[in-house]
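# A closer look at the structure
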Amino acid sequence: MNMLVVGGGAREHAICDAVYRSKNTTLYSVMKNKNPGIARLSKDFLLEKETNVESVIEYAKEKQVELAIIGPEAPLEVGIVNEMQKKGIPVCSPTREAARIETDKEWMRSILKKYNIPGQLKCETFTDVGKAKNFIEELNGEIAVKPIGLTGGKGVKVSDDHFKGINEASRYVEEVIQNRIGGHAKVLIEEKAVGEEFTLQAFSDGETILPLPAVQDHKRLLPDDKGPNTGGMGSYSCNDGLLPFLSKSEYEEATGILQKIIEALRREGCTYIGPIYGQFMLTVDGPKVIEINARFGDPEAMNVLPLLESDFVEICQAMIDGILNSKKLRLKKQSTVCKYVVPEGYGVKSMVGEKIYVDEEKIKNTGAKLFYASVNKENDYVTTTSSRSLAIVGIAKELYDAEKTCEKALQYVKGEHIFIRHDIGTKKLVEKRVEHMKKLHGMITI
Ligand code: AMP
Ligand code: GLY
């Protein structure tokens, strides 16, 4: 089977690694930057912008690709899956219409409303600053402000984290509308959900979903969740598939929500095939939907894909064939801690072209996994670009052992101008999350 993976980040390196482990599969890839990890695993690769649909399809045809998966959201938004399907290339990723669940936040909220799906938040969209202000006042300034289109996870601002009070909230709303942040002169305002965030990813064939272990990502740049939001600085998961603050029934509530979204999309006439990603806030009233993504998460893919014992390519095929209900996921019962190595200044102004020395052999010996992201390979080192550089994933039975493995491996990544959130997956930070939830529950019973 010839399989094509589109995308060149660490998430796609993890996807390629899962494809590579699959029996009887030859891997081809398309990426904008030459990811050294993906390049090594691929029989052949094309360096091309992932949204350049024609070139991707031409390459897929030339390599007689029989199955494709799309890593990032940008090619989904321009309809790469629709075009590939027209050319007879099977793809286990959603069409442009189904991917709207990620690319159009307003539509996502309207689907939840229309199908009465649990986990909703009060929300409204505005093109008029004055009308928006009434709604902001109604919610007492406790809101999240979201540009409508894609902003790479960086356009969203939340009260107390990024602004305080009704006036500052109104000012950001005005900025989004006037500067068309996200591509539209429109803004989505949501009630702020208070709790702990978690990610739930699942495979979908349009009818059945197979959920994966829950993961907690860390979007904020600096230790102790300070600083600006980023694409994600690292993440962890636990051997039971839950999180230290997330119970089985809460996990099941979240899978129920994803299942209902899949059913709703089917009824809307845009059957969703591919990995789906739910970002939830666990509140005292259960999980609330923060966003839905039409792909694996980055970094969250790196927590779950290395645990897969089932044949990944078989699952991809089953998504296309609509037979996930006949499959059962086999996963290693292990915990994972993923930490990203990013260039100094990342999230503000990255230091580009800085050297990073990666001792792959020593990293391998620790038992950790290495996934390259956006770097350029030079002789015996790689250099930074403006994006995240590489990720290390520690894997062990117990969470804190996985964290230790991750740190051990990180010793073999050396650079003068790199930055890592070392607190991810540490007992101190994880326990803070547990305490936070306990405190919120306590406040309710008082
Ligand atoms: P998004 O790009 O929608 O994932 O938003 C980025 C981050 O902002 C999320 O990971 C949350 O931490 C936070 N956020 C978004 N929406 C809300 C909300 N309604 N309530 C609280 N926090 C939110
Ligand atoms: N981890 C956030 C995302 O993939 O969007």
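Structure shown above.
Notes on the structure follow. All values derive from a computational prediction rather than experimental measurement. (Residues numbered from 1 in each chain as written. Chains lettered and ligands numbered in written order. Predicted model: local features only at pLDDT ≥ 70, side-chain atom pairs only at ≥ 80, totals over all residues. Heavy atoms only, no water.)

## Section: helix H12 (residues 312–321)
- Of the residues making up H12, those classed as buried are Phe312, Val313, Ile315, Cys316, Ala318 and Met319.
- Along its buried surface, H12 packs onto strand S1 (2–6), helix H1 (10–20), strand S4 (67–70), strand S9 (196–204) and strand S15 (274–283).
- Looking at where H12 begins, the residue whose side-chain oxygen comes 3.1 Å from the main-chain nitrogen of Val313 is Asp311.
- Remark: Gly322 follows H12 within two positions and exhibits a positive phi of approximately 70 degrees. (Buried < 20%, exposed > 50% of the residue type's maximum accessible area, 1.4 Å probe, protein only. Helix = DSSP H or I, 4+ residues; strand = E, 2+ residues; numbered from the N terminus. Contact = heavy atoms within 4.5 Å. Polar contact = N/O pair within 3.5 Å; in protein donor to acceptor, adjacent residues only side chain to side chain.)

## Focus on the packing of aromatic side chains
- This model, assessed by the stated rule, comprises 5 aromatic pairs.
- Ring centres 5.6 Å apart and planes at 45 degrees place the aromatic pair Phe126 and Phe135 in the tilted group.
- Ring geometry for Phe198 against Phe280: centres 5.3 Å apart, planes inclined by 20 degrees, an arrangement best described as stacked. Here Phe280 lies in strand S15 and Phe198 lies in strand S9, a separation of 82 residues in the sequence. (Phe/Tyr/Trp six-rings, centres within 6.5 Å; stacked < 30°, edge-to-face > 60°.)

## Thoughts on the nonpolar core
- Grouped together as the largest cluster of nonpolar side chains are 126 residues, with contacts concentrated most on Leu4, Met84, Phe203, Phe312 and Ile392.
- The element best represented in this core is helix H10 (residues 248–267), accounting for 8 residues. (Core = buried A, V, L, I, M, F, W, Y, C linked by side-chain atoms within 4.5 Å.)

## Let's talk about the site of ligand 1
- Lining the immediate environment of ligand 1, one finds 16 residues, of which Lys146, Glu190, Ala193, Glu197 and Glu291 sit closest.
- One nitrogen or oxygen atom from the side chain of Lys146 is found 3.0 Å from a nitrogen atom belonging to ligand 1.
- The separation between an oxygen atom of ligand 1 and a polar side-chain atom of Glu291 is 2.8 Å.
- Look at ligand 1: alone it shows 460 Å² of surface, and the protein chains cover 94% of it.
- Those elements that place two or more of their residues in the shell around ligand 1 are strand S6 (143–147), strand S8 (187–191) and strand S16 (286–293). (Near = heavy atom within 4 Å. Areas by Shrake-Rupley, 256 points an atom, 1.4 Å probe, with all protein chains shown as cover.)

## Quick word on the site of ligand 2
- Close to ligand 2 lie Asp217, Gly231, Tyr277, Asn293, Arg295, Gly297, Asp298, Pro299 and Glu300.
- Contact distances for ligand 2 include 3.4 Å between a nitrogen atom and a side-chain N or O atom of Tyr277.
- Residue Asp298 places a main-chain N or O atom 2.9 Å away from an oxygen atom belonging to ligand 2.
- When ligand 2 sits alone it has 200 Å² of accessible area, and the protein chains cover 90% of it.
- Partitioning the shell around ligand 2 into residue classes produces 2 nonpolar, 3 polar and 4 charged. (Nonpolar A, V, L, I, M, F, W, Y, C, P; charged D, E, K, R; others polar.)

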